Structure formats: C-alpha cells, structure tokens
Amino acid sequence: PPRRDWPGLSPPSETRPGAMEQYSIIGAAGDTEYVEGELLGDQLIAMFPKISFVKDMRHPCEWADYRRTETQKRGFQIPGAYPVVFRRDGRLVGKTGSVEDFKNECKDMYGLELPPNPEMVAQVAAENMEFAEDEARSDKWKPACGRFKKIWSSGVSFEGMWRNHTPHRGTITYTDGSSFEGTLRDGVAHGQGVFRYADGAKFVGMFAMGKRMGMGKFVDDENVYDGYYKDDKCHGKGLRTYKGGRTYSGDWEYNDATGKGVEIKPIPGSNTDCDKYDGEYIKGQRHGWGRMWYATGDVYEGEWEEGSREGFGEFDFFLPQPVVPDTDEEPIEEGAEPAPAAKSIIQTMRYTGDFKQDRPVVGRLAFNDGLTCPIPGEIDVAREPVALPPGENDALPPGENAVGEGEAVSTAKVPWVAALRQDAETWEVGARQRVRRAALPEFDPDYPIEFDTHKSLMSQTVSEEMWDILKLRLTEEGDTLRGCMVVGLDRKRPSNIGISALSPACYLVYREAFWPVIEKLHPGFDLIQDTHVNDLDTASILPLCSSMGEQVVNVSITVDRAISGLPFGIALDIDQRRRVEEVAAGALGQTKQTGGYHPVRGSSSFAEAEDPLTDEQLKEFSVFVAGNDCSDDRDFPDARGVFVSQDGQFTCVVNQSEHLSFRTSLPYPDLSSIFLRMAHALAETEAKLKEEYGLSFARLPKLGYVTASPDKIGCAFHAQVVMRLPKMSRRTDLVPLAHARGVKIEKATAPLHPPATAPK
C-alpha cells in the first residue's frame, strides 16, 4: 500500500532515541487493526527518516496460513490472527507484537501518538481490500498459501488450498468442461485424485506430474479398466470389462494387452455360456501359447499367432450325439407316465498336430473309443456334410465361437466330424497292424523311467501322469514316446539327457516331454515366446583368439546336421542310411571344399577311394573304425565314412551319431577364419542338396536346425579352443579363480591335433 500522512502532526526532535530502528508489519487486507499499524508506521518514517518501516499485506484468503508460517519460521509463540509487528533483528515489538504494543512503543520512545479517526481507518481498509482484489485478478498473481478460488483469463479456474504460490489441493476446472479434484504439484495433477472428462468418463487413481501413474480405475460408456498405469497408459496388471460383458485380466503394455492374461467372452442370449482364453498376448492379439475353452465345449491348447491358431496344438471336440431310442421297448400302458426322453451323450475327438490360419494341417485324429488316424494334409472343412437324422444339428449350442469377432459355430460341425471318423475307420482297417521301423522297440505300456539309473533330465520331466497321456500318441511315421526314451537311455550313449528324437515330428508331438528338457539344456531361450534365428552370420565375425599367440594348441568348430525327409540317425534302416551316404557324398563332392569321400574299411555301400585312408587316419578325423566304438553299430561298417578336404582342415563324418558332422580345425589361433569356412561349407552343401536331390537340412520354425539330440538344435554349433596355461595348476588359488569365472576344472585330455613339438 502507498505511504499516507496523518494530518495535523508536526515532526518531533531528531534527538529522540531509537532513530536507527527498523520495523516490519504483516497483516491482512481489509483489517482495521492492520490499517492503524500501517498509518502509524507511515507517520513514524515521515518524522524520522532514518527509521525504516516495511509493510507486508496479504489477501485474506492466504493470511491465516501465511501468518502461521511466518511466526513459526521466526520462532514467535503468538496465537491468534491479529497483525504482527517485529523488528528487523527478529524481536517482537512489546510482548505480543500486536499493533497496540507498537502504539505504546511509538508513544514512549518517539512521542508519536495518532488521534482516533475511524472514518479514515475504514477508508484505508477498503482501499487495501480493493488493492488486494485487483492483484488477485491478475494472471501473474498467485496466493502464497491458504484457500482461494483463482480464475485465470483463459477461463481455467482452481478452487482449493495453495502452497508456495502454486495450487496444492483442490479442484481445477478446464474450459472444455473437464476437471480434476485432488493433489497437485507445480500446478498439475500429482498424487491421488479424480479426473472427470468432458465426455462423462472418469478416472480415479494416482497421478504423477499430470499423467496417470500407478493404480487407478477408468470408467466410460464403453468399458471399465481397473489396474496399473504408466505414462498415462494402461501398463502392468489390470482388468478391463467391455460393454458387451467381455473381460480381460492380465498384463498390459502401453494400452495393449501384452503378456499373459485371461479373456472371458459371454455368448449373446445366454447367461452362463462363455468363451474363455488363458494364455499369451502381443499387442492385443492372442500370440504365443494359450488354452481356449469354447462355449460349445471344445478346448484348444497350443500355439497362437496374431489371433489365430498357428503352429502346434491340441484340439478336443465335444460333439453332441443323440441316443437312438430302442424300438423294441414295450408300449406304455394307458395312464402310466412316459419314460424321460433319452439324453444326448458326448462324443469326443482330439486333433494333435500343426495348425495354419486356424485350420488343422498335419497331425493325428484320435476318438474317445481309441480309433486314431493321421492327417497327412490340410483338412477340407468345406466338404459335403454327411446325411444325418433330422434335428441332429439342433443339438449344437447357439452363439459365437469367439475365435474372432462374429465367427459363428458351424451347424455342419457334426457331419464334418462324422466324415472324418469315416476316413479314420478306413485308415484303421488298412493299417490295423502298424508297421514300425525295425530299429525301434515295440510298444510297451509300462512306465520306462524305472530303467533310468543315472537320473536324466527326461526323468525329471516325464511323470507317470504325463506318460499315461503321451504313451498312445504316434507321429506320422509311427514313432512312439517310448522309442524316444529307450534310445535316450541306451547305455551305449552315456548322457544326462535321457531322451532322443527319432524324427523332427517328435519335438512337436511329444513337446510336453522334449521342451522342458530343451529349456534346461538351452537356458535363456523361451520356447513359448522366442523363435530361433540362424545367426551364423559371416558379416558379424570379430577377430577371435588372435591375441593368444603361441599358447593356443588347436581351434576347432563342429556342426551337426540331419537331412530332411529321413529319420534321424538312431532310427535309420539300412536303405535310409545308404541314402544319407549317397546324397552327402554327392553334395560334398560338388562344393568348393576340394577333397574326397572315404568309406570306412569293409563298407560295401560305397566304392573305395583311390587313395583310401588308414585306420589311424580315420581315427585322427574322429571316425570310428570298429563296431564297439559306435553308439549305433547296426549294419556296421556299411554306409559310414568321412569327407576330407585336401588340406585336411575340413571334414564331414557321415552316419556317425547324426547324419552329418561337419568339422573345421587349425593348429594355430585363427577361430574367425575357420568359422567363415564352416559357414560357407554349410551353405554350399545345403544348396547342392536342394539342387541335386531336392533335400535340405532338417529344420523346425521355432527350434531351428534339429538333430536327434535335444542339445544339438538351433545352430547345433560347438566351438573349442585348446590352449596351454603355463604353471596354472601350481597356483594355490586355482579352484576359487576358476569358480569365480564359471570355469569347471576337469581332467585334461590330449587334443585331437597335438602340436608338432611338445610344449615346455
């Protein structure tokens, strides 16, 4: 407020004490007591220029909080709401700092006393209040604290508590009709609050700097979401209920259902029937592994891709089948109650195999009475329906199938399955005695884990309950799970795995047994979400082992491959084994890896090389020369051999444990160059297989290249560096040193290619 002079007062003597005193007064606009102190201070500095007097007037809305803050900050113990006068050094005027104490001090020390003038005090109080209201209407003015309703020129308003000149807690109303009620920071929503949108939607929950963050609930005309938010979007666990009654509960990622969740969709016109999906999502679509319960009673469990059944899965069909009444029953006597109508029974069918765009492609059908048959190609769902008794189709429940929006249940489902059953019966008659490969054990229903003396990974996975489910499954070639397990537990193949695939289909048909073993052998690879990518990319090679110098004894790379269209090595018969030898020798001979194929001595399946290798040379290239050294000695030594390049640095062993075992090695530290050579050799060999024989390396979309052993899938790639660590074994801290680096210490073995001179 401006300085005002009191009329009729003359300045007293300059020699009075206290001429250098400094005073301050704080008070509320419109307070007459503050006006009296203000006017007295104005006259005091007018009469004594060396005295200073500072006035701090606040709007009434912020006065109470401002007074409390200032008095606590200065250590004043003075309750009430009256104006406070104090000195610059922090001392109160008088005992309470009131205007009355100030008047007494001015009278005693300076001889200054103002005569009563109520009209002037009231006029100044009104001027002060008008001044404060004008300031409050400015967009730049904000109360320091207290409760106040502020309306800006833009039309935005805030009513509530202020703190440090910013809105702290209250209600902000925006020009579009939306509003926020809750706590704020720097003028934006922060903390617990309620946001009401202009279209009637409402959000109740947590905010962080103007964005929805944390737990909250959003409600509008279309849906209700109750869950977690991040950066103003649904993120984390949450439940969304849609207008039609459909619900999704699970993981969200920036407004998209991504992760694991459960979706329930009621069927229109029914109070109880619904479709339910429990599985994985990516960007709002079923993607990954999941299980679907349909309102029709059908159940699908398997892989999904972009909302459709895609990949491996099992589909259980529940089919209503009316009971045909017995025509030989005695007639009902007159007056007797008729017997209740015969109820429908449930005929079930299970399809196990691959799906493509929601349709079964290659797999096996199994009916509840034990009848099974393979499906060699795509099932034609548009086939002509089989004639059924009138009204049989009426037994199907109405409603949507919920595979996609608006996909209805086909009334031709029962005739379609009847046609499939007719095909299955035809196939069963022609294959009553299933012909299995002679190399495989006959079917035995007993649980084979009891023979697992070394407790393999398989025995930790395949329980008796799982065995009961999987033991009756067959691949298209007739392979059984027992065959995979018996071969894996063979004492000639010492391994902690305990299970071997007989063909690529085993990884899919018996996925419940194989995939947990694969996850343990390949940690970090998620079989549900991940898909293997062949990353033998020569463009990303870095110089490896180049700094190890003379300490490197040998570097080598081994890659195993199986040829598509044939069983894996442990399940080959003699003709198939010879076929592998024929195509392998033919393809390798046309590559840039100049060399020749050398069959094992005594083999009758392939002409002997012009310059055959000795047994010692074959051993040097890791080729067995006796049946006792072979894990599978059937028909030995027929169809076994090795392709050797002229420089001896590249070899490919045929029909050892896998179809083909490629190997490159060098007696000096250049791992990069042999990797490049291996990658080019693999590409050339597969190209020649396709060009000459129409074959390729066995591969599955999710697992990459596959062989009989679950530890040799993906790239089936193994690199080894043999090097000397001089005097390392003399170190007293060798064991903790190795343990800290994840290195396992084993008994040393001689390298496959020892150096020309013995190391020092």
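Digging into the sheet that holds strand S1 (residues 22–28)
- If you trace the three strands from one edge of the open sheet to the other, you get S2-S1-S3, paired in mixed fashion. At either margin of the open sheet sits one strand with a lone partner, and together these are strand S2 (52–58) and strand S3 (84–87). Averaged over all pairs of adjacent strands, the angle between strand axes in this sheet comes to 15°, irrespective of strand direction.
- Two elements, S1 and S3, share four bridges in a ladder whose sense is antiparallel. Each bridged residue has a counterpart across the sheet, and for Ser24 the counterpart in S3 is Phe86.
- Along the sheet face, helix H1 (residues 32–47) touches S1 and S2 and points at about 155° away from the line of S2.

Quick look at the sheet that holds strand S29 (residues 717–723)
- With antiparallel pairing, six strands are arranged side by side in an open sheet as S23-S24-S25-S26-S22-S29. Each of the sheet's edge strands pairs with one partner strand only, and the pair in question is strand S23 (595–599) and S29. On average, adjacent strands in this sheet sit at an angle of 15° to one another, irrespective of strand direction.
- Relative to strand S26 (residues 660–666), strand S25 (residues 650–654) runs antiparallel, the two sharing five bridges. For Cys652, the partnering residue across the bridge sits in S26 and is Phe662.
- Set on the sheet, helix H12 (residues 671–693) makes contact with strand S22 (552–561), strand S24 (641–645), S25, S26 and S29; between it and S22 the angle comes to about 20°.

Examining the packing of aromatic side chains
- One pass over the full model with this rule turns up 28 aromatic pairs.
- When the ring of Phe53 is compared with that of Phe102, the centres are 5.7 Å apart and the planes differ by 15°; the resulting orientation is stacked. Separated by 49 residues along the polypeptide, Phe53 in strand S2 and Phe102 in helix H3 (residues 99–110) bring together distant segments of the chain. Here Phe53 and Phe102 have matching classes, each one buried.
- Arranged with centres 5.3 Å apart and planes meeting at 85°, the rings of Tyr277 and Trp304 form a pair that is edge-to-face. One end of the pair, Tyr277, is in strand S15 (residues 274–282); the other, Trp304, is in strand S17 (residues 299–305), and 27 residues separate them in sequence.
- Among the residues examined, Tyr277 registers a relative accessible area of 0% and is labelled buried.
- Taking the relative accessible area as the measure of exposure, Trp304 reaches 3% and is therefore buried.

Rules used in this analysis
Here, residues in each chain are numbered from 1, in the same order as that chain's written sequence. The model is predicted, so local features are restricted to residues of pLDDT at least 70 and side-chain atom pairs to those at 80 or more, both for listing and for counting; the totals for chains, interfaces and linings are taken over all residues. The side-chain figures draw on all heavy atoms in the structure; neither hydrogens nor water molecules are used. A pair of strands counts as paired when DSSP detects no fewer than two bridges linking them. A run of H or I in DSSP counts as a helix once it spans at least four residues, and a run of E counts as a strand once it spans at least two, with each numbered from the N terminus. Whenever a helix is involved, its axis is fitted only over the stretch in contact; in every case the axis is a line through C-alpha atoms, and angles between N-to-C directions fall within 0 to 180 degrees. Note on contacts: a residue pair is in contact if any heavy atoms of the two residues lie within 4.5 Å. Two aromatic rings from Phe, Tyr or Trp, using only the six-membered ring of Trp, form a pair when their centres are within 6.5 Å; if the ring planes differ by under 30 degrees the pair is stacked, by over 60 it is edge-to-face, and anything between is tilted. Exposure is judged per residue with a 1.4 Å probe applied to protein chains only, and the accessible area is read against the type maximum: over 50% gives exposed, under 20% gives buried, and values in between give partly exposed.

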